[in-house]
Structures are given as structure tokens and as C-alpha cells.
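A structural walkthrough
Here is what each chain is made of, one letter per residue.
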Amino acid sequence: MRGQGWRRDVGVFWVLARAGFRRYSTYRLATFAGLVTNTVFGLIRASILLAALAAAGTTIAGYSDAQASSYVWWSQGLVASVGLFGWSEVSDRVRSGDIAVDFARPLDPQVAYLAGDLGRAALQALARGVPSVAVGALFFGVSAPQGPAVAALAVVSVLLGVVISFGCRYAVNLTSFWLVQNRGVQLVYMVASGFLAGLFVPVHWFPDWLLVVARCTPFPSMFQAPIDLLSGRAGLGEALPILGVQLAWAAGALALGQLLTRRGRRVLEVQGG
Amino acid sequence: MADLRTDLHAYRTLLTARVRAQTAYRVSFATDVLGTLLVGLTELAEVYVIFHNVPRLGGLTFAEALMLFALANISYSLADMLVGHLDTLPAFIRAGTVDAFYLRPLPLLAQLITSDISLRRFGRLGVGLVTFGIALRINEIGWSGRNVVVVGLAVLSGTAIVAALFVCASALQFFLVDASELTNGLVYGGAYASQNSTQVFPNPLRVLFTYVVPAAFVAYLPTVVLLDLPGATLLPAWLGWCSPLAAAVAWGVALLLWRAGTRHYQGAGG
């Protein structure tokens with residue numbers, strides 16, 4: 001019996017993930033538009049990093065021109081999948097009271113939204129990630145992981161990055177149970193996550209004290225970690241510690257989400273019948 | 001004359017209502033302002049992180065880059081405060097409620113712009129203003145008549161250019177309801193580019209962000225004039241004096257696009 005229930009849950013998870021994928025693939029023009037934006041920002045970011053390298057006249061924190069360019073295009077490819085742009089779906093549902101419907105479903109809301117988010121991430125990896133990296137590779141050159149074993153681990157690392165990011169975004173969304181308008185919290189989260197994840201400048205370029213601050217947060221594990229593996233900066237030896245830290249953050253973020261879901265369930269009041 | 005007074009009175013009443021509405025929930029309002037303050041601080045931190053590694057970037061020292069950052073942020077937050085709420089237009093279009101605006105005896109753009117003012121942007125404006133004060137000090141810039149004119153022109157034209165970019169983005173929404181990101185590329189890309197020295201760009205991008213999207217006129221070129229810096233390839237120093245011209249052209253294009261957009265729009269029925 002127990003085994004069957006488990007199998008059913010996996011089935012539901014798979015269906016929800018596919019629904020998430022399909023939901024985002026409906027808007028083709030929007031997806032194409034996202035790709036254009038990605039490319040423009042990639043050009044600006046690459047220009048800034050390359051200008052900095054030219055001014056330094058040497059490598060910065062181990063980044064040469066080629067590595068800086070790889071970093072920019074891999075990160076432009078990952079940014080949509082990892083979801084560093086903010087997300088307020090669950091917040092909106094808490095505010096409107098629709099979250100009560102999610103609570104009434106047989107699947108835990110956190111698991112259900114995780115499934116949908118993984119589907120979204122997969123679609124964006126294909127529709128935005130691959131073309132962004134291809135544009136970078138074609139016009140600027142992008143370096144690859146160190147061998148097939150690291151490549152496989154890099155894929156796992158990307159997946160963990162998405163899970164950590166989802167876990168944190170979900171927790172931030174749930175602050176809506178206690179705040180009438182959590183836009184400020186969302187904004188702070190979005191900005192802090194982008195900066196500390198290494199979206200604008202690689203985390204390795206940070207001064208020592210800021211590096212320590214960044215490493216005390218889950219953000220580098222969402223973004224810089226998979227990019228280090230994808231771009232060949234980190235090899236097989238470094239891969240396992242990187243994945244270990246990511247696993248710890250993923251577990252922590254999901255646990256926090258569970259805790260907030262349970263607390264929020266108790267404070268939720270929905271009017272009407 | 002009386003008409004204008006009535007209109008201004010109406011605008012003031014509306015803004016007072018919006019201000020009261022936005023400040024009604026104290027904690028939410030405080031976190032909103034804190035949010036934009038942190039946006040500003042984070043962008044400042046990005047500048048700092050890069051200059052932690054290099055002495056100059058795009059021909060500017062850290063002190064000079066602070067002036068550029070300050071002017072760019074002041075203009076961006078003012079524009080965002082005044083017209084940033086135009087990005088709600090796609091929601092109005094999708095819901096079909098835009099029709100109601102067409103019936104009122106005021107141009108659609110004027111109605112939308114005067115419909116709100118986003119007080120929370122004061123956080124980011126604060127960061128810009130404080131940085132400006134610091135940048136004046138460390139660059140040893142005095143309040144001579146010339147400098148007052150340069151700063152005044154920079155803020156006015158910079159705000160106007162960023163606002164024009166927002167209007168362009170919004171106007172294109174009439175054509176591309178669900179593809180707002182297509183315009184984000186140029187609009188927010190332009191805004192992002194305007195916060196950096198235009199000299200970091202290779203020549204084709206320099207042309208794009210100076211002569212097509214006038215991002216260089218927002219802060220980089222005025223900074224060059226204010227601090228008396230040398231020009232660069234495709235970016236002569238005197239170009240900084242042309243910011244008002246760039247702003248006028250940007251608004252011309254924005255208004256033409258807006259007109260095409262409003263004419264293209266067909267009601268959702270009902």
C-alpha cells in the first residue's frame with residue numbers, strides 16, 4: 001500500500017512538472033523576447049568584465065578574457081532557469097485566499113509548486129538557456145566542463161541550484177501570511193540574490209569580507225556553483241564539495257519552507273464560503 | 001487659465017490620495033522604501049567590487065565613477081517615480097479596462113502618467129543623492145555657475161531620457177501584449193548601460209547606446225563635461241552639452257510611438 005502511494009505521488013509530481021513546462025512554452029513570442037533581452041544584457045555584462053580585465057592588464061581572481069566571457073554566457077543561459085528575476089505567484093495566492101485551495105489538495109503545496117517550478121526551469125533551459133549559450137559560443141567563445149564526468153555532475157548542480165532557488169523563493173513568498181504587502185521583501189530578496197549569486201560580477205571577484213558574507217548565504221550555490229562546473233573552472237576534485245554544500249542548502253531551504261507553510265496555515269483566515 | 005488651475009487641482013487631489021494610500025500600511029511602506037534603498041546600495045556595491053580589482057574602468061577612476069553612478073541613479077529614480085507605473089498598461093490592455101481611459105477628456109498618456117506617483121522610489125533616490133554629495137567632495141567640484149548648469153541639465157535631460165525609454169516600452173505594449181521583454185532588452189538594457197561608462201563598450205555597442213538608444217546622454221556624457229574629462233572614440237567631450245537635444249529627440253520618438261500604439265489599439269468589446 002505504502003509503495004503504491006509513493007508511486008502515485010511521483011506520478012502526480014511528473015504531471016505537474018510537465019504542466020509547468022507546457023505553461024511557459026505557450027508564450028512563444030515571450031520566450032523569443034526573453035532571448036533578445038538575455039543577449040543584450042549578456043553583451044553589456046561581457047563588455048564591463050572585459051573592460052575591467054583590459055584595465056587590470058592581467059587575470060582577475062583567475063579569470064582570463066576567455067573565462068570571463070564563458071562566465072557571462074553560461075550565466076545568461078542559467079539566469080532564467082534558476083529564477084533570479086523574482087516570482088510572486090504564491091504570494092498572490094496567499095493574498096487572494098486561493099492558497100486555501102492549495103491546502104485542500106492531497107499533495108503538499110511546497111511539493112506541488114516545486115514540480116511546476118522544475119518544469120518551468122526545464123523549458124527555460126531549453127528555450128532560453130541553450131540559445132543564449134549558443135550565441136555566446138558562436139560570437140565570443142564559451143568553455144566547456146572538464147570532461148564528461150564533470151559535465152554530468154554539472155547537470156546535477158544546475159538541478160540543485162534550481163531547487164535551492166525555488167526553496168528560497170517559496171519561503172519569501174510565504175511572508176505574505178504575515179505582511180499585507182510583501183513587495184519590499186520580494187525586492188530586497190531579488191536584489192540580494194542577484195548580487196550575491198554572482199549575476200553581475202563573479203563571486204570570486206568579491207573582496208574577502210564580502211566573499212565570506214556571500215558564502216554564508218545560499219545564493220552562490222544557486223548560480224556561481226553550477227557555472228564554475230559548466231565553464232570548466234572547477235574540476236572533478238572540486239565537484240563533490242560543491243555538490244555537498246548545494247545539497248545542504250537545498251535541504252535547509254526546503255525545510256524552512258515546510259516550517260513556514262505549517263505556521264502560515266495556522267494564521268490563514270479566508271473569508272466567505 | 002482657469003482650466004489649467006482646475007487640472008492642477010485635480011492632479012494634486014489625485015496624488016494626495018495616492019500618497020495616503022501608499023503610506024497607509026506603515027510596515028509595508030517602510031519595507032518598500034527599504035527595498036529600493038537596497039537596490040541602490042547593491043548597485044553601488046557592484047561598482048565598488050569592480051573597482052576593488054582595477055584602478056580604472058572605462059576611463060574613469062572610482063571617484064569619477066561615483067559621480068556617474070550618482071547622476072545615473074538620480075535620473076533613473078526620478079523617471080521611475082514619475083512614469084514607472086506605465087508598466088501596468090499591459091494589465092489594463094489585457095483586462096480591457098483601457099477603453100475607459102479613451103472616453104475621458106484627457107490624452108491617454110497624460111492620464112496614465114498622472115494616475116500615480118511611486119513614493120517608494122525615494123529609497124533609491126536617497127542613495128543617488130548621498131552618493132552625489134560624496135562624489136562632489138572627492139572630485140573637488142565647486143558650485144560654480146557652469147557646474148550648476150551642467151548638473152541641472154544632466155538631471156533634467158537624464159530623467160527625461162529614461163522617462164522617454166519607459167514611454168517607448170509602454171507604447172510597444174499595444175503591439176506586443178505578452179512580449180514585454182522584447183522591449184525590456186533595449187529599455188532596461190539601455191537603463192543598465194546608462195549606469196556604466198560608455199567607454200567600456202566596443203565601437204558597435206558605443207554607437208547603439210549613444211546614437212540609437214541615448215543611454216550615454218543620461219549620465220556618462222554629463223559626467224565627462226562636469227569633471228572636464230577627455231573624450232573618447234565616437235564620444236567627443238562636447239557631446240555632453242547635447243543631452244537636452246537627445247532628450248527632445250527621445251521624447252519625439254516616444255510620442256510618435258505612443259500615438260501609433262493608441263491608434264493601433266482596438267477595444268476588447270463588452
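The rules behind the values
- Residues numbered from 1 in each chain as written.
- Chains lettered and ligands numbered in written order.
- Predicted model: local features only at pLDDT ≥ 70, side-chain atom pairs only at ≥ 80, totals over all residues.
- Helix = DSSP H or I, 4+ residues; strand = E, 2+ residues; numbered from the N terminus.
- Rg over C-alpha atoms; globule rule 2.2 N^0.38 Å.
- Buried ≥ 20, exposed ≤ 12 C-beta atoms within 10 Å, placed from the backbone.
- Contact = placed C-beta atoms within 7 Å.
- Nonpolar A, V, L, I, M, F, W, Y, C, P; charged D, E, K, R; others polar.
- Axes fitted to C-alpha atoms, helices over the stretch in contact; angles between N-to-C directions.
- Parallel < 35°, antiparallel > 145°, perpendicular 65-115°, else oblique.
- Left-handed = near helix turned anticlockwise from the far one by under 90°.
- Core = buried A, V, L, I, M, F, W, Y, C linked by C-beta atoms within 7 Å.
- pLDDT = per-residue confidence, 0-100.

So, the overall build of chain A
Looking only at helices and strands, chain A has twelve helices and zero strands in total. What you see in chain A, going N to C, is helices and strands ordered as α-α-α-α-α-α-α-α-α-α-α-α. For a compact globule of 273 residues, the expected C-alpha radius of gyration is about 19 Å, and chain A comes in at 20 Å, within 12% of that figure. Along the three orthogonal principal directions, the C-alpha set of chain A runs to about 70 × 40 × 40 Å.

Thoughts on the overall build of chain B
Each helix and strand in chain B was counted, giving twelve helices and two strands. Along its sequence from the N terminus, chain B presents helices and strands in the succession α-α-β-β-α-α-α-α-α-α-α-α-α-α. For chain B, whose C-alpha radius of gyration is 20 Å, the value lies close to the compact-globule estimate of 18 Å for 270 residues. For chain B, the C-alpha atoms occupy an extent of roughly 60 × 40 × 40 Å along the three principal directions. In chain B, buried positions account for 45% of the 270 residues.

Brief notes about the interface of chain B and chain A
Between chain B and chain A, the contact holds 37 residues from the first and 35 residues from the second. A total of 16 residues in the side of chain B that touches chain A trace back to one element, the largest contributor, which is helix 2 (residues 26-53) of chain B. A per-class count over the side of chain B that touches chain A returns 20 nonpolar, twelve polar and five charged.

As for the packing of helix 8 (residues 145-172) of chain B against helix 12 (residues 243-264) of chain B
When two helices pack together, their arrangement is given by the angle between the helix axes and by the axis-to-axis distance. Residues and elements named next belong to chain B. Here helix 8 crosses helix 12 at 20 degrees, and the two axes come no closer than 8 Å. Classified by the interaxial angle, the pair formed by helix 8 and helix 12 is roughly parallel. The crossing of helix 8 and helix 12 is left-handed. Residue-level inspection shows L153, A154, S157, A160, I161, A164, V167, C168, A171 and L172 of helix 8 in contact with helix 12, the latter providing S243, P244, A246, A247, A250, W251, V253, A254, L257, W258 and G261. Among the residues making up the contact of helix 8 with helix 12, the classes are represented as 18 nonpolar, three polar and no charged.

Some details on the nonpolar core
Residues and elements named next belong to chain B. Residues I161, A164, F166 and V167 are the most contacted members of the largest nonpolar core, which totals 153 residues. In terms of residue count, the dominant contributor to this core is helix 8 (16 residues). In this structure, A164 is in contact with A247, A250, W251 and A254, ignoring residues within four places of it in sequence.

Some points on unusual backbone geometry
Here A:A61, not a glycine, exhibits a phi torsion of approximately 50 degrees, which is positive. The topology assignment puts A:A61 in the loop between helix 2 (28-56) and helix 3 (65-82). Judged by the 13 C-beta atoms lying within 10 Å of it, A:A61 is partly exposed. One non-glycine residue, B:D228, lies in positive phi territory at about 60 degrees. Along the chain, B:D228 turns up in the loop between helix 11 (220-226) and helix 12. Given 9 C-beta atoms within 10 Å, B:D228 falls into the exposed group.

Points about the environment of A:S47
In this fold, A:S47 is placed in helix 2. Between the alpha carbons of A:S47 and A:L260 there is a distance of 42 Å; along the sequence they are 213 residues apart. Setting aside anything within four residues of it in sequence, one finds A:S47 in contact with B:V200, B:F201, B:P202 and B:L205.

Considerations on the confidence of the model for chain B
For chain B, the mean per-residue pLDDT works out to 87, and 96% of the residues sit at or above 70. Interface predicted TM-score (ipTM) for the complex: 0.87; the corresponding pTM is 0.87.

Points about the packing of helix 3 (residues 62-83) of chain B against helix 8 of chain B
Residue and element names in this part refer to chain B. Contact geometry of helix 3 with helix 8 gives a least axis separation of 8 Å together with a crossing angle of 50 degrees. By the angle between their directions, the pair helix 3 and helix 8 is classed as oblique. In the packing of helix 3 onto helix 8, the handedness of the crossing is right-handed. Contacts between helix 3 and helix 8 involve L71, I74, S75, Y76, L78, A79, L82 and V83 from the former and A154, V155, G158, T159, V162, A163, F166 and V167 from the latter. Here the contact of helix 3 with helix 8 is built from residues that sort into 13 nonpolar, three polar and no charged.

Description of the environment of A:F85
Residues and elements named next belong to chain A. Within the secondary structure, F85 sits in the loop between helix 3 and helix 4 (89-96). What makes F85 partly exposed here is the crowd of 13 C-beta atoms within 10 Å. Through-space distance from the C-alpha of F85 to that of F139 is 26 Å; in sequence the pair is 54 residues apart.

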